[in-house]
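Spelled out from the first residue to the last, the chains are:
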Amino acid sequence: MIDKFYDTPESAVADIHDGATVLISGFGGAGMPTELIHALIAQGASDLTVVSNNAGNHETGLAALVKAGRVRKVICSFPKASHSWVFDELYRQGRIELECVPQGTIAERLRAAGAGLGGFYTPTAYGTELARGKETRMIGGRGHVFEEPLHGDFALVKADLADRWGNLTYNKSARNFGPVMCMAAKTAIVQVRAKVALGELSPESVVTPGIFVQRVTQVANAAFSS
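Our subject in this report is the structure included herewith. (Residues numbered from 1 in each chain as written. Predicted model: local features only at pLDDT ≥ 70, side-chain atom pairs only at ≥ 80, totals over all residues. Heavy atoms only, no water.)

**Section: the overall build of the protein**
Next up, step 1: Broken down by element type, the protein carries six helices and 14 strands.
Next up, step 2: Scaling as 2.2 N^0.38, a compact globule of 226 residues should have a C-alpha radius of gyration of about 17 Å, and the protein matches this with 17 Å.
Next up, step 3: Based on the C-alpha atoms only, the size of the protein along its principal axes is roughly 55 × 40 × 30 Å.
Next up, step 4: Across the 226 residues of the protein, 50% fall into the buried class.
Next up, step 5: For the protein, the proportion of contacts with a sequence separation of at least 24, taken over those separated by at least 6, is 75%. (Helix = DSSP H or I, 4+ residues; strand = E, 2+ residues; numbered from the N terminus. Rg over C-alpha atoms; globule rule 2.2 N^0.38 Å. Buried < 20%, exposed > 50% of the residue type's maximum accessible area, 1.4 Å probe, protein only. Contact = heavy atoms within 4.5 Å.)

**Comments concerning the pattern of salt bridges**
Next up, step 1: Tallied over the full model, the rule gives 13 salt bridges.
Next up, step 2: The partner of Lys-67 in a salt bridge is Glu-59, with the nearest N and O atoms 2.6 Å apart.
Next up, step 3: The salt bridge partner of Lys-73 is Glu-99, with a shortest N-O separation of 3.3 Å. Taken together, the residues Lys-73 in strand S4 (residues 71-76) and Glu-99 in strand S5 (residues 97-100) connect sequence positions 26 residues apart.
Next up, step 4: Salt bridges sharing partners connect three or more residues here, namely Asp-47, Arg-72 and Glu-97. (Salt bridge = Lys/Arg side-chain N within 4 Å of Asp/Glu carboxyl O.)

**Notes on the environment of Gly-141**
Next up, step 1: In this structure, Gly-141 sits in the loop between strand S7 (136-139) and strand S8 (142-147).
Next up, step 2: Residue classification places Gly-141 among the exposed residues on the basis of a relative accessible area of 68%.
Next up, step 3: Taking the C-alpha atoms as reference points, Gly-141 and Arg-175, separated by 34 residues in sequence, lie 36 Å from one another.

**Brief notes about a nonpolar patch on the surface**
Next up, step 1: Where nonpolar side chains cluster on the molecular surface, the patch consists of Ile-2, Trp-165 and Leu-198 and spans about 280 Å² of accessible area.
Next up, step 2: Tracing the backbone through its elements, the reader meets Leu-198 in the loop between strand S13 (194-195) and strand S14 (215-218).
Next up, step 3: Classification of Leu-198 by relative accessible area gives partly exposed; the value is 35%. (Patch = residues over 30% accessible without salt bridge, like charges linked within 9 Å, V, L, I, M, F, W, Y side chains within 5 Å. Areas by Shrake-Rupley, 256 points an atom, 1.4 Å probe, with all protein chains shown as cover.)

**A word on the environment of Ile-41**
Next up, step 1: Within the fold, Ile-41 resides in helix H2 (residues 34-43).
Next up, step 2: The class for Ile-41 is buried, based on a relative accessible area of 18%.
Next up, step 3: Residues Ile-41 and Lys-73, spaced 32 residues apart in sequence, show a C-alpha to C-alpha distance of 16 Å.
Next up, step 4: Ignoring sequence-local partners within four residues, the contact set of Ile-41 consists of Gly-61, Ala-64, Leu-65, Ala-68 and Arg-70.

**Considerations on the packing of aromatic side chains**
Next up, step 1: Inspection of every chain in the model, using the stated rule, returns two aromatic pairs.
Next up, step 2: Measuring from ring centre to ring centre gives 5.6 Å for Phe-87 and Tyr-91, while their planes differ by 15°; the resulting arrangement is stacked. Residue Phe-87 and its partner Tyr-91 are located together in helix H4 (residues 85-92), separated by four residues, close to a single helical turn.
Next up, step 3: Residue classification places Tyr-91 among the partly exposed positions, given a relative accessible area of 42%.
Next up, step 4: Positioned over the ring face of Tyr-121 is Arg-137, at 5.3 Å from the centre of the ring.
Next up, step 5: Over the ring of Phe-5 we find Lys-195, and its NZ or CZ is 4.6 Å from the ring centre. (Phe/Tyr/Trp six-rings, centres within 6.5 Å; stacked < 30°, edge-to-face > 60°. Lys NZ or Arg CZ within 6 Å of the ring centre and 35° of its normal.)

**What about the sheet that holds S5?**
Next up, step 1: Across the sheet, which stays open at both edges, the eight strands sit in the order S1-S14-S12-S9-S2-S3-S4-S5 with parallel pairing between neighbours. The sheet is open, and its two edges are formed by strand S1 (5-6) and S5, each paired on a single side.
Next up, step 2: As paired elements, strand S2 (residues 21-24) and strand S9 (residues 152-158) share three bridges and run parallel to each other. Bridge pairing links Leu-23 to Ala-155 in S9.
Next up, step 3: Its contacts with the sheet place H2 against S2, strand S3 (48-51), S9, strand S12 (185-192) and S14, and it is angled at close to 115° to S12. (Pairing = 2+ DSSP bridges. Axes fitted to C-alpha atoms, helices over the stretch in contact; angles between N-to-C directions.)

Structure (structure tokens):
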């Protein structure tokens, strides 16, 4: 019998290794798998490359992982905000690396990884510092930059409901990067608000099919309700 549920967040992240590339869902606090991240902090993996929309908020979730010194590099779209002081301080001290990627580009790089594509051309960032060292070409009279797929060893994702096969639904905007990150990672680890019986989720409402999910854990009283 297939049952992808793990008893605790700690057991779900137990084999994340040093040097792993970890995709972390969330748009600010919406959809951030805070409990999985805190379990990863307790687990102790270090030298991580983290792919996320931003570089952490306040001192919880991703910001806590960064503050703990576990992250070597962040690949994100919005590293600087009024509440991202943890990353900002470490970056100014030269203690963490940054690769800044436009938001649409980071989403498409993840999608390309999940779809098995070798990359794509986009006009975004052409002629800017973000295109330095990348292949460029003219298409239809407009400059384009070649972007490579963005794969992950693991993805930490927050969803709303899941059945034991790992089929997922999301809560409104908390969906954000979760679906493409599940597809782009070798091992997708998902925390959900509730487990439902197999067959209870309508096929029409399933956003991420279980084929893209390897592990699920239930966190009924999550730090963020979204």
